[in-house]
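# Survey of secondary and tertiary structure
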Amino acid sequence: MAYGGVILSNSLSFYQKRIVMSSRVQEKNGGASIPHVLSVAGSDSGAGAGIQADLKTCAARGVYCSTVITAVTAQNTVGVQSVHAVPEDFVAQQLKSVLSDMQVDVVKSGMLPSVGVVKVLLQSLAEFSVRALVVDPVMVSTSGDVLAGPSILSTFREELLPMADIVTPNIKEASALLGGIRLETVADMRTAAELLHALGPRNVLVKGGDLPGSLDAVDIFFNGEHFYELRSSRIKTHNTHGTGCTLASCIAAELAKGSPMLTAVRVAKRYVETALEYSKDILIGNGIQGPFDHLLRLKSGSHSFSRKDAFNPSDLFLYAVTDSGMNKKWGRSMVDAVAEAIQGGATIVQLREKDVETRDFLETAKSCLAVCRSHGVPLLINDRIDVALASDADGVHVGQSDMPATVARTLLGPEKIIGVSCKTVEQAQQAWIGGADYIGCGGVYSTNTKANNPTIGLDGLKTVCSASKLPVVAIGGINASNAGTVMGMGVPNLKGVAVVSALFDRENVLAETKKLHALLMEASSSTKMQ
Ligand SMILES: Nc1ncnc2c1ncn2[C@@H]1O[C@H](COP(=O)(O)OP(=O)(O)OP(=O)(O)O)[C@@H](O)[C@H]1O
Ligand SMILES: Cc1ncc(CO)c(N)n1
Ligand SMILES: [Mg+2]
């Protein structure tokens, strides 16, 4: 069909009709339409390529992916050990199950192991409406293993390619489809793209991942009118297994979201490049070509210092909030100040940097995190979700004018700690609904670290604590002379006090933290005895 509503060939009017039909069905359903790719491909037991790559790619790109499995392969990072083709009538049944029920936007085909399976797919496409067909003519993997034999070539050329909105062969596949021509240079790739276009697909992308001796990763895109040389740096890595499947399913995902073809291809190439760069050092399997991480998640939190525990409200007991101005005044670095506070008994640390450059903030966060992790103390970042994400800190603390807790939760995921400053019962309720883990309540007393901040006093603190569904840490002007009073009240949900000046605007952070810790222990044990 013609993507984006441009009719490029008379034979496409049939598909145009189906677009109208499918949008009508969607209107009748009434719900929000979810972009949907159907992947018709083979399973890779090593999960780097095939169906598994397609599912991960679509998940990473925010698109729903259903699957029709055409073959099951026994495959790993060494190569393909065995292939078990799914019977053609069972492929047909899977296609019917999905397409008769779900609103599929784009079909992406990968491994189609027999002529019969290609025919079954074409029959389904004639019967059910989709907006685009992305054909990855899988024949030879980068490892050199044959996934569809030469007997399929004529069916690909004569029946499948003419139906494709885009076809994405690698060098070997392009050569095979064109009767074995030599493809050794970018100029050869252009020729191949033009020759393949003449077979009927609306667009052609000849992938140069396996182009011998090429410094960049160059792909040639041809839409029948213009050539585009899509170039990215070649990532030095062994983890390229499944790049082709990933590229094609990302193109399908972007098309499903409504992108024009060239945009979809550019985004997909950038996505592959980013995932390869992120994954270049990961080690999965002992073979020559490893998988990469489609979700860019496997490295974060997996290093040895990672905090393994869920948030524990008792961590709020002695909550140290840093202040770089104070530390500078007393001639110590932030990391040293944090290390002393932890040694003295601080149970959680919040990095609060108001007037610092982002790059310095990130560096400080990383160094403080190393100290905190080595002592099992959580580190939170004040306000800056980007810095929390980039440093892999344990969470954030946000104020009423910062990012709302719900948005912070979406960005940070379920395991990070989120705290919200609240003065009122309503704000505390909102923080709970938004998915926060604790609230900071104050200012209890007046303080010079926050100008023009109205205090709520001990009564205000009691009111919020009693109504709160979340654990509370009291903040604002708390120091050694009043901490005992605050903790000694024994109000429900109050788990600790947060302090800035009482620790950091002092000459000896270690001694001040110890003193405060002892006071809090005494106050909380006396409330327990009451
Ligand atoms: N080392 C690399 N660095 C950056 N991009 C790469 C690298 N290797 C491949 N690519 C890109 O990945 C995409 C897929 O290319 P490739 O030619 O390897 O496909 P393929 O052989 O079908 O993949 P596979 O069979 O491994 O799934 C292309 O956009 C290509 O430019
Ligand atoms: C199942 C399957 N499909 C496609 C490829 C191509 O990478 C592969 N290696 N395995
Ligand atoms: Mg390759």
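Residues numbered from 1 in each chain as written. Chains lettered and ligands numbered in written order. Predicted model: local features only at pLDDT ≥ 70, side-chain atom pairs only at ≥ 80, totals over all residues. Heavy atoms only, no water.

## A few points about the sheet that holds strand β15 (residues 438–442)
Two orientations exist for strands paired in a sheet by backbone hydrogen bonds: parallel and antiparallel. The eight strands are arranged β10-β11-β12-β13-β14-β15-β16-β17 in a closed barrel whose pairing can be described as parallel. Along the sheet, successive strands turn relative to each other by an average axial angle of 25°, direction set aside. Note that strand β10 (residues 318–321) and strand β17 (residues 494–499) share three bridges and pair parallel. Considered in β17, the bridge of Leu-318 is made with Val-497. The strands touched by helix α15 (residues 425–433) are β14 (417–422) and β15; relative to β14, the strand with the most contacts, the crossing angle is about 165°. (Pairing = 2+ DSSP bridges. Helix = DSSP H or I, 4+ residues; strand = E, 2+ residues; numbered from the N terminus. Axes fitted to C-alpha atoms, helices over the stretch in contact; angles between N-to-C directions. Contact = heavy atoms within 4.5 Å.)

## Examining the site of ligand 2
In the vicinity of ligand 2, the residues found are Gly-42, Ser-43, Ala-49, Gly-50, Gln-75, Met-111, Val-138, Ser-141, Leu-147, His-241 and Cys-245. When isolated, ligand 2 has an accessible area of 290 Å², and the protein chains bury 92% of it. Split by residue class, the shell around ligand 2 holds five nonpolar, six polar and no charged. (Near = heavy atom within 4 Å. Areas by Shrake-Rupley, 256 points an atom, 1.4 Å probe, with all protein chains shown as cover. Nonpolar A, V, L, I, M, F, W, Y, C, P; charged D, E, K, R; others polar.)

## What about the side chain of His-294?
Turning to its location among the elements, His-294 is positioned in the loop between α9 (261–279) and β10. Residue His-294 is classed as buried on the basis of its relative accessible area of 1%. In this structure the side chain of His-294 is engaged in a polar contact, spanning 2.8 Å, whose partner is the side chain of Thr-246. Ignoring sequence-local partners within four residues, the contact set of His-294 consists of Gly-48, Ala-53, Lys-56, Thr-57, Ala-60, Thr-246 and Tyr-271. (Buried < 20%, exposed > 50% of the residue type's maximum accessible area, 1.4 Å probe, protein only. Polar contact = N/O pair within 3.5 Å; in protein donor to acceptor, adjacent residues only side chain to side chain.)

## Focus: the packing of aromatic side chains
Per the stated rule, a full pass over the model turns up four aromatic pairs. With a centroid separation of 4.2 Å and an interplanar angle of 20°, the aromatic rings of Phe-222 and Phe-227 are classed as stacked. By relative accessible area, Phe-227 is classed as partly exposed at 26%. In this structure an aromatic cluster arises from ring pairing among Phe-311, Tyr-319 and Tyr-438. Above the ring of Tyr-278, the side-chain terminus of Lys-299 is found at 4.4 Å from the ring centroid. (Phe/Tyr/Trp six-rings, centres within 6.5 Å; stacked < 30°, edge-to-face > 60°. Lys NZ or Arg CZ within 6 Å of the ring centre and 35° of its normal.)

## With respect to helix α12 (residues 358–374)
Counted at 1.5 Å a residue, the expected span for α12 with its 17 residues is 24 Å, and the 24 Å between its end C-alpha atoms agrees. Considered for burial, the residues of α12 that qualify are Phe-361, Thr-364, Ala-365, Cys-368, Leu-369, Val-371, Cys-372 and Arg-373. For α12, the secondary structure elements touched by its buried residues are α11 (334–344), β11 (348–351), β12 (379–382) and α13 (385–391). In the segment just after α12, Gly-376 is the residue with positive phi, at about 70°. (Expected span 1.5 Å × (residues − 1).)

## Focus: the environment of Thr-168
For Thr-168, the location among the structural elements is in the loop between β6 (166–167) and α6 (171–177). Assessed through its relative accessible area of 1%, Thr-168 is described here as buried. Taking the C-alpha atoms as reference points, Thr-168 and Val-206, separated by 38 residues in sequence, lie 5.8 Å from one another. Within the local environment of Thr-168, its side chain forms a polar contact with the side chain of Asp-136, the two groups lying 3.2 Å apart.

## Considerations on the environment of Pro-404
Relative to the elements of secondary structure, Pro-404 occurs in the loop between β13 (395–398) and α14 (405–412). On the basis of relative accessibility, which here comes to 45%, the residue Pro-404 falls in the partly exposed class.

## Considerations on the nonpolar core
Core analysis: the biggest nonpolar cluster contains 72 residues, and Tyr-319, Ile-381, Leu-461 and Leu-494 have the highest contact counts within it. It is α12 that provides the largest number of residues to this core, a total of six residues. Apart from residues no more than four positions distant in its own chain, Leu-494 is found in contact with Leu-461, Cys-465, Val-472, Val-473, Ala-474, Val-486 and Met-487. Among the nonpolar cores identified, the runner-up in size contains 47 residues, and Val-130, Ala-192, Ala-193 and Phe-222 belong to it. (Core = buried A, V, L, I, M, F, W, Y, C linked by side-chain atoms within 4.5 Å.)

## Observations regarding the pattern of salt bridges
Counting across every chain of the model gives 22 salt bridges. Residue Arg-190 is joined to Glu-229 by a salt bridge in which the shortest nitrogen-to-oxygen separation is 3.7 Å. Residue Arg-190 is found in helix α7 (residues 186–197), and its partner Glu-229 is found in strand β9 (residues 227–233); the two are separated by 39 residues along the sequence. Residue class for Arg-190 comes out partly exposed when judged on its relative accessible area of 32%. Given a relative accessible area of 35%, Glu-229 falls into the partly exposed group. One salt bridge in this structure joins Arg-270 and Glu-273, with 3.8 Å as the shortest N-O distance. Here the residue Arg-270 and the residue Glu-273 both occupy positions in helix α9, the gap between them amounting to three residues, near one helical turn. Assessed through its relative accessible area of 58%, Arg-270 is described here as exposed. (Salt bridge = Lys/Arg side-chain N within 4 Å of Asp/Glu carboxyl O.)

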